[in-house]
Protein chains: 2
Amino acid sequence: MPQSIRPGERRVTITDVAKAANVSSATVSLALNGSPRISVETRQRVERCARALRYQPNHAAASLRTQVTRTIALAVPDIGNPVYIEIARTVQQIARQRAYHLHLISTESQPSEEVHALETLAQRSVDGLIMISLHGASALDASLREVAGPVVIIGHLQDVICDNVTVASAAGAALAIQHLWAVGCSALAFVNGPAGTWPSSEREKGVQNALRAADQTISPVLRAEEDFTTEGGHRAAQHLLAQGVCFDGLLCANDLMAIGAMRALRAHGLRIPEDVAVIGMDDIRECQFTTPPLSSVSLMAGERGRLAAQLLFDRLGGDSGTLPRQLTVSPVLMPRGSTTPRRTPAARDERGHL
Amino acid sequence: MPQSIRPGERRVTITDVAKAANVSSATVSLALNGSPRISVETRQRVERCARALRYQPNHAAASLRTQVTRTIALAVPDIGNPVYIEIARTVQQIARQRAYHLHLISTESQPSEEVHALETLAQRSVDGLIMISLHGASALDASLREVAGPVVIIGHLQDVICDNVTVASAAGAALAIQHLWAVGCSALAFVNGPAGTWPSSEREKGVQNALRAADQTISPVLRAEEDFTTEGGHRAAQHLLAQGVCFDGLLCANDLMAIGAMRALRAHGLRIPEDVAVIGMDDIRECQFTTPPLSSVSLMAGERGRLAAQLLFDRLGGDSGTLPRQLTVSPVLMPRGSTTPRRTPAARDERGHL
DNA sequence: TTGAAAGCGGTACCAT
DNA sequence: ATGGTACCGCTTTCAA
């Protein structure tokens, strides 16, 4: 007969439940885990006792024995960037579906923190890891080769030594440049992210490709390197303006920077899109709420998260033998108010940024 | 002599290190944990061997033995809301300082998920928990009373049965209303959040108080209940407009809603702040990047995170006997472009929202 | 200063 | 269908 005992200090264990239900601890374990080898009657009695005693299985004990934690980790470079939050939501959702916990880690893009994240795998804190890395994972290469469990990298990989999901961001940048031309821009500026990161060099490459592919004579493209934040974009645009650079179309390496840049441009008396058309990349939700709404190139964040989670759970599902797989998603142009075509293409000459 | 062995499948344990270093596993444990009772010489040898074998302590085993995980959890209602991210960053930072891991959980405001978060405590997955709850924790009351470890609630608590930090959001709402009057508004509208949540009822109360306290005759205050998202604010504003409601000042229950509302107002041909002054609450970073910049009432998110973490770590530091403490922070008005005073107060009569 | 051994709380094998 | 019991890998007495 189960009775509602309030135990003092000691935690209630499987043994307590066993005693209360007059069975062995082994039986309790089987019953609570829904083994078919236990009679319905016994299972129900055990369940009642467990509930009455408010039994909660000790996670550490179980995972020590089973070598499984039912937890995965997601390491992002910056928890303040909405695009990673987007990925986190998707991954979280899929993890929940599979009854896994999600450990969210913000690495602040520091390699030491990234290595630390990989170590949680070795320490058996988590069963698998999805990591978003901006360094082309080159710094992680060594750690990655000896890693102690399934890892999926979102981002670029020197060699494909583990599953990874990328986006054709060079193509995305080209898409953006072409769009700026299409809406009537002729003098383009390009605010890139920090040098040495893979996203930055890919975007650079995409811009170059677009220029080469264009029939028209090459318009001057200017660059300013800043970090991937709103403040970075703001500073970069101010810098461009201070140098007296003349442009009527601006591509920023991501939306956060574009939002910062728009603010700087407007503070400088420039109208968007009449004087300068602005486009970002990522297509974060905020794009819809700026004035004017910010055009962007979607880098399919949610989709990348979904694919990464899928790859990871494939591995966790036992598919550990097969070779690393690489998935690449294609960017999609999202034109909005910040790049609406000039009504009067001829009026372009009137522009000026003062 | 340590040698760089590449073990096959089996994980390398403390025993492997012990063998390699010709000591017992106990000694390895002591040495690696920096016990002073181990000779320097031995410690260094052990450390060399551990490194050579790439030994990583098994977290489950250690925490099973010590009953400590060095992990805390933070449960937020919605990971998509920047204000919770702000709190998460602060908590993360403090946790890192103390060499604790942070488990971030998004409850989507579902009581079942909140209870689940509490259970991770009982399961010994984490040592402590900070939870942001909108329900006034009344649904959690029962679970909270029997909780198996230190908990800090950010938000309202029916009875102060555990540490908690709140913000005087009623006072904040009053602050906002007074500000709208101060800048020359006379007909106010108020878009509140979902009914039944503590933040909503507090804001309502604050608005009422401000009205009562005002000498002037009471201006009509209108309300629309929506959820705490940009979309919610957008819908609410559209609704107000569609009903032909006349107002020149708008308070939204949070910034996300205010941003959505501004978009709807502008789409309706209204100028901000000339036709309608708009103010939100929370003071999220995005406020600075809207057009015009959104006035807000800071609810001190970062500060609340910091205090909560502090309370929690006090408990984890052994201070478990003392009574629950309750901390309340005061809101701060952050006036920006969306509520700049009318140049010509008389011109108010000209306003109209079509 | 170091080693032997007893757990921590489950799970899973092997009996019965 | 159930019970006995040997682990999982580490920490921590207690002895030597």
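As annotated in an unreviewed UniProt entry, chain A carries the name LacI family transcriptional regulator and is attributed to Deinococcus aerolatus.

Novice: Can you help me understand the relation of the copies chain B and chain A in this one?
Specialist: Both copies of the chain are tied together by a single rotation about an axis and a shift running along it. For the pair chain B and chain A, the superposition axis carries a translation of 0.0 Å, the fit reaches an RMSD of 0.1 Å, and the rotation angle comes to 180 degrees. Overall, the copies show the geometry of a two-fold rotation axis.

Novice: Help me understand the packing of helix α1 (residues 14-21) of chain B against helix α3 (residues 40-52) of chain B in this model?
Specialist: Two packed helices can be described by the angle between their axes and the distance between those axes. Residues and elements named next belong to chain B. Running from N to C, α1 and α3 point in directions that differ by 125 degrees, and their axes come no closer than 9 Å. Taken together, the axis directions place α1 and α3 in an arrangement best described as oblique. Along this stretch, α1 crosses α3, giving a crossing that reads as right-handed. Side by side, α1 and α3 meet where Val17, Ala20 and Ala21 of the first sit next to Arg45, Val46, Cys49 and Ala50 of the second.

Novice: Looking at this structure, I do not really get unusual backbone geometry. What am I missing?
Specialist: Omega for the peptide link from A:Ile272 to A:Pro273 comes to 5 degrees, which places this bond in the cis form. Structurally, the position occupied by A:Pro273 is in the loop between α11 (255-267) and β9 (277-282). Look at the link from B:Thr291 to B:Pro292: it is a cis peptide, with omega at -10 degrees. Position of B:Pro292 among the secondary structure elements: in the loop between β9 (277-282) and β10 (295-298). Positive phi outside glycine occurs at A:Arg54, with the angle close to 55 degrees. The residue A:Arg54 is located in the loop between α3 (40-52) and α4 (59-66) in this model. The phi dihedral of A:Met300 is positive, around 55 degrees, even though this residue is not glycine. In this fold, A:Met300 is placed in the loop between β10 (295-298) and α12 (301-316). With relative accessibility at 27%, the residue A:Met300 sits in the partly exposed group.

Novice: When you look at the protein's contact with DNA strand D in this model, what are you seeing that I'm missing?
Specialist: Around DNA strand D sit 26 residues in total, of which A:Ser24, A:Thr27, A:Thr42, B:Ile14 and B:Arg65 are the nearest. What you see for DNA strand D is that sugar and phosphate hold 68% of its atoms within 4 Å of the protein. A:Ser24 places a polar main-chain atom, nitrogen or oxygen, 2.8 Å from a phosphate oxygen of DNA strand D. Within the contact set of DNA strand D, a phosphate oxygen lies 2.6 Å away from a backbone nitrogen or oxygen of B:Ile14. The set of elements that each furnish at least two residues to the surface near DNA strand D consists of α2 (25-32) and α4 of chain A together with α2 (25-32) and α4 (59-66) of chain B. Among the elements that make up the surface near DNA strand D, the one with the highest residue count is α4(B) (4 residues). Per-class residue counts for the surface near DNA strand D are 10 nonpolar, 12 polar and 4 charged.

Novice: Help me understand the sheet that holds strand β8 (residues 249-252) of chain B, please; the structure alone is not making it clear to me.
Specialist: The strands making up a sheet associate through backbone hydrogen bonding, with each pair oriented either parallel or antiparallel. All names here are of chain B. Across the sheet, which stays open at both edges, the 6 strands sit in the order β7-β6-β8-β9-β10-β12 with mixed pairing between neighbours. A single partner strand is all that each edge strand has here, and the edge strands are β7 (221-225) and β12 (332-334). Strand-to-strand twist in this sheet, taken as the mean axis angle between neighbours without regard to direction, amounts to 20 degrees. Across the face of the sheet, helix α9 (residues 198-213) comes into contact with β6 (188-192), β7, β8 and β9 while running at roughly 165 degrees to β6.

Novice: What is the right way to read the packing of helix α10 (residues 230-242) of chain A against α11(A) from this model?
Specialist: Residues and elements named next belong to chain A. Remark: α10 packs on α11, axes separated minimally by 6 Å, with the N-to-C direction vectors making an angle of 45 degrees. It follows that α10 is oblique to α11 by the angle criterion. Of the two elements, α10 crosses α11, and the hand of that crossing is right-handed. Contacts from Thr230, Gly232, Gly233, His234, Ala237, Gln238 and Leu241 in α10 reach Leu256, Met257, Ile259, Gly260, Ala261, Arg263, Ala264 and Leu265 in α11. Class assignment of the residues belonging to the contact of α10 with α11 gives a composition of 8 nonpolar, 6 polar and 1 charged.

Novice: What exactly am I supposed to notice about the side chain of A:Asp78 here?
Specialist: Tracing the sequence through the fold places A:Asp78 in the loop between β1 (71-76) and α5 (82-97). One polar contact links the side chain of A:Asp78 to the main-chain amide nitrogen of A:Gly80, over a distance of 2.8 Å. In this structure the side chain of A:Asp78 is engaged in a polar contact, spanning 3.2 Å, whose partner is the side chain of B:Arg89. The residues contacting A:Asp78, other than those within four sequence positions of it, are A:Tyr84, A:Ser106 and B:Arg89.

Novice: Explanation requested: the nonpolar core in the structure shown.
Specialist: Note that soluble globular proteins tend to have their nonpolar side chains buried in a common cluster. Within the largest apolar cluster, 136 residues are counted, with the highest numbers of intra-cluster contacts made by A:Leu250 and B:Leu250. Aside from chain neighbours lying at most four places away, what touches A:Leu250 is A:Leu180, A:Ala189, A:Phe190, A:Val191, A:Leu240, A:Ala261, A:Leu265, A:Val276, A:Ala277, A:Val278 and A:Ile279. The next biggest cluster of nonpolar side chains, apart from the first, holds 24 residues, and it includes B:Leu188, B:Val207, B:Ile279 and B:Leu299.

Novice: Teacher, can you tell me more about the protein's contact with DNA strand C here?
Specialist: As a structural note, the neighbourhood of DNA strand C is formed by 26 residues, with A:Ser29, A:Arg65, B:Thr27, B:Thr42 and B:Arg65 the closest of them. Among the atoms of DNA strand C close to the protein, meaning within 4 Å, 69% are from sugar or phosphate groups. In this structure, A:Ile14 approaches DNA strand C through a main-chain N or O atom, which is 2.8 Å from a phosphate oxygen. Between a phosphate oxygen of DNA strand C and a main-chain N or O atom of B:Ser24, the distance comes to 2.8 Å. Counting residues per element, the ones that place at least two in the surface near DNA strand C are α2 and α4 of chain A together with α2 and α4 of chain B. It is α4(A) that contributes the most residues to the surface near DNA strand C, 5 residues altogether. For the surface near DNA strand C, a count of residues per class yields 11 nonpolar, 12 polar and 3 charged.

Parameters and conventions
- Residues numbered from 1 in each chain as written.
- Chains lettered and ligands numbered in written order.
- Predicted model: local features only at pLDDT ≥ 70, side-chain atom pairs only at ≥ 80, totals over all residues.
- Heavy atoms only, no water.
- Least-squares fit on C-alpha atoms with pLDDT ≥ 70 in both.
- Axes fitted to C-alpha atoms, helices over the stretch in contact; angles between N-to-C directions.
- Helix = DSSP H or I, 4+ residues; strand = E, 2+ residues; numbered from the N terminus.
- Parallel < 35°, antiparallel > 145°, perpendicular 65-115°, else oblique.
- Left-handed = near helix turned anticlockwise from the far one by under 90°.
- Contact = heavy atoms within 4.5 Å.
- Buried < 20%, exposed > 50% of the residue type's maximum accessible area, 1.4 Å probe, protein only.
- Near = heavy atom within 4 Å.
- Polar contact = N/O pair within 3.5 Å; in protein donor to acceptor, adjacent residues only side chain to side chain.
- Nonpolar A, V, L, I, M, F, W, Y, C, P; charged D, E, K, R; others polar.
- Pairing = 2+ DSSP bridges.
- Core = buried A, V, L, I, M, F, W, Y, C linked by side-chain atoms within 4.5 Å.

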